[in-house]
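Chain by chain, the residues:
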Amino acid sequence: METTEHEKFMRMAIELSEYNVKQATGGPFGAVIIKDGMVVARSANKVVQQNDPTAHAEISAIRLACQELGTHNLQGCIIYTSCEPCPMCLGAIYWAHIDTIYYGNDKTDAAAIGFDDHFIYQELERPLHQRMLQIVQLLRDEAQSAFELWKIAEAKTDY
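Note that the structure is a prediction, hence the values are computed from the model and not measured.

Caption draft 1: Focus on the sheet that holds strand 4 (residues 100–105). If you trace the four strands from one edge of the open sheet to the other, you get 2-1-3-4, paired in mixed fashion. Both outer strands of the open sheet, strand 2 (38–44) and strand 4, are each paired with one neighbouring strand and no more. In this sheet, neighbouring strand axes are inclined to one another by 15° on average, regardless of whether the strands run parallel or antiparallel. Pairing of strand 1 (residues 30–35) with strand 2, which is carried by six bridges, proceeds in the antiparallel orientation. Bridged to isoleucine 34 within strand 2 is valine 39.

Take a look at the structure:
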């Protein structure tokens, strides 16, 4: 894809982020997913609108793209985001197998306006017992039964 095409799709993501702020429907974030030069999905941040802390622009766009394409695997797709993805969105982009991320603002720009996810990166570096959020393993032996079933299941889709 030519630079002008990349810029066109990035501007779509930026427009979504601006529109979201102007309409007071959510945070200043937008994302567009492209496959073979065509827009597959686009979304702004919908956290407040949907009362869903996972409804970031990237996650919402991934959900729409998967529905549109009828698959959980977005290999061959590109995502354009108005801001560098947070840890949750970055994880979702990896799980979706999206090929490339283009972003506008970076995480320091987001932190400067109150969207600071640096603490999550710090938490991930700490051992479980030292994290701010209490994390307790419980009933591991019982939970293993589903994993044992998965190992031998014939009707499963690897991902």
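Caption draft 2: Structural view of the nonpolar core. Ile33, Ile62, Ala65, Leu74, Ile79 and Ile98 are the most contacted members of the largest nonpolar core, which totals 18 residues. Sorting the residues of this core by element identifies strand 1, strand 2, helix 3 (57–69), strand 3 (77–83) and helix 4 (87–96) as the ones contributing at least two each. For this core, the element with the most residues is helix 3, which contributes five residues. Beyond its immediate chain neighbours, meaning those up to four positions away, alanine 65 contacts Ile33, Val40, Ala41 and Leu74. Within the second largest apolar cluster, 10 residues are counted, among which are Leu16, Ile34, Ala44 and Tyr80.

Caption draft 3: Examining the environment of threonine 25 more closely. Within the secondary structure layout, threonine 25 lies in the loop between helix 1 (3–22) and strand 1. A C-alpha to C-alpha distance of 15 Å links threonine 25 and alanine 13, two positions 12 residues apart in sequence. If we ignore the near neighbours within four places in the chain, the residues touching threonine 25 are Asn20, Asn45 and Gln49.

Caption draft 4: Representation of the packing of aromatic side chains within the structure. Per the stated rule, a full pass over the model turns up three aromatic pairs. Note on phenylalanine 9 and tyrosine 80: the rings are 5.5 Å apart at their centroids and 45° apart in plane angle, and the pair reads as tilted. With phenylalanine 9 in helix 1 and tyrosine 80 in strand 3, the pair connects residues that are 71 residues apart, well separated along the chain. Judged by its relative accessible area of 1%, phenylalanine 9 falls in the buried class. Judged by its relative accessible area of 0%, tyrosine 80 is buried. Consider the rings of phenylalanine 29 and phenylalanine 115, whose centres lie 4.9 Å apart with planes at 90°: the pair is edge-to-face.

Caption draft 5: Local environment of the state of the cysteines. Taken as a whole and assessed by the stated rule, the structure comprises zero disulfides. Cysteine 77 takes part in no disulfide bond, and the closest cysteine sulfur, belonging to cysteine 66, lies 8.3 Å away. On the basis of relative accessible area, cysteine 77 is assigned to the buried category, the value being 0%. With no disulfide of its own, cysteine 83 lies 9.0 Å from the sulfur of cysteine 86, the closest cysteine sulfur. On the basis of relative accessibility, which here comes to 5%, the residue cysteine 83 falls in the buried class.

Caption draft 6: Focus on the pairing of strand 3. Buried residues dominate strand 3, accounting for seven of its seven residues. Bridge count between strand 1 and strand 3: five bridges; the pairing is antiparallel. In the strand pairing of strand 3, isoleucine 34 is matched with isoleucine 78. The sheet contact formed by strand 3 and strand 4 spans five bridges and is parallel.

Definitions and limits used
- All residue numbers refer to positions counted from 1 along the written sequence of the respective chain.
- For a predicted model such as this one, the threshold for reporting local features is a pLDDT of at least 70, and the threshold for listing and counting side-chain atom pairs is 80 or more; totals across whole chains, interfaces and linings nevertheless cover every residue.
- To obtain the side-chain values, all non-hydrogen atoms of the structure were used and water was disregarded.
- Here a strand pair is declared whenever DSSP counts at least two bridges between the two strands.
- For the purposes of this entry, the term helix denotes a DSSP run of H or I that reaches at least four residues, the term strand denotes a run of E that reaches at least two, and both are numbered from the N terminus.
- In this analysis, axes come from line fits to C-alpha atoms, helices being fitted only over the stretch in contact, and the angle between any two N-to-C directions falls in the range 0 to 180 degrees.
- Here the nonpolar core consists of buried residues drawn from Ala, Val, Leu, Ile, Met, Phe, Trp, Tyr and Cys, with membership extended through side-chain atoms lying within 4.5 Å.
- Here's how the labels work: a residue is buried when its accessible area is under 20% of the maximum for its type, exposed when over 50%, partly exposed in between, all with a 1.4 Å probe on protein chains only.
- Contacts are assigned to residue pairs that have any heavy atoms within 4.5 Å of one another.
- Each Phe, Tyr or Trp ring, with Trp reduced to its six-membered ring, pairs with another whose centre is within 6.5 Å; inter-plane angles below 30 degrees give stacked pairs, above 60 give edge-to-face pairs, and intermediate values give tilted ones.
- In what follows, a disulfide is any cysteine sulfur pair within 2.5 Å.

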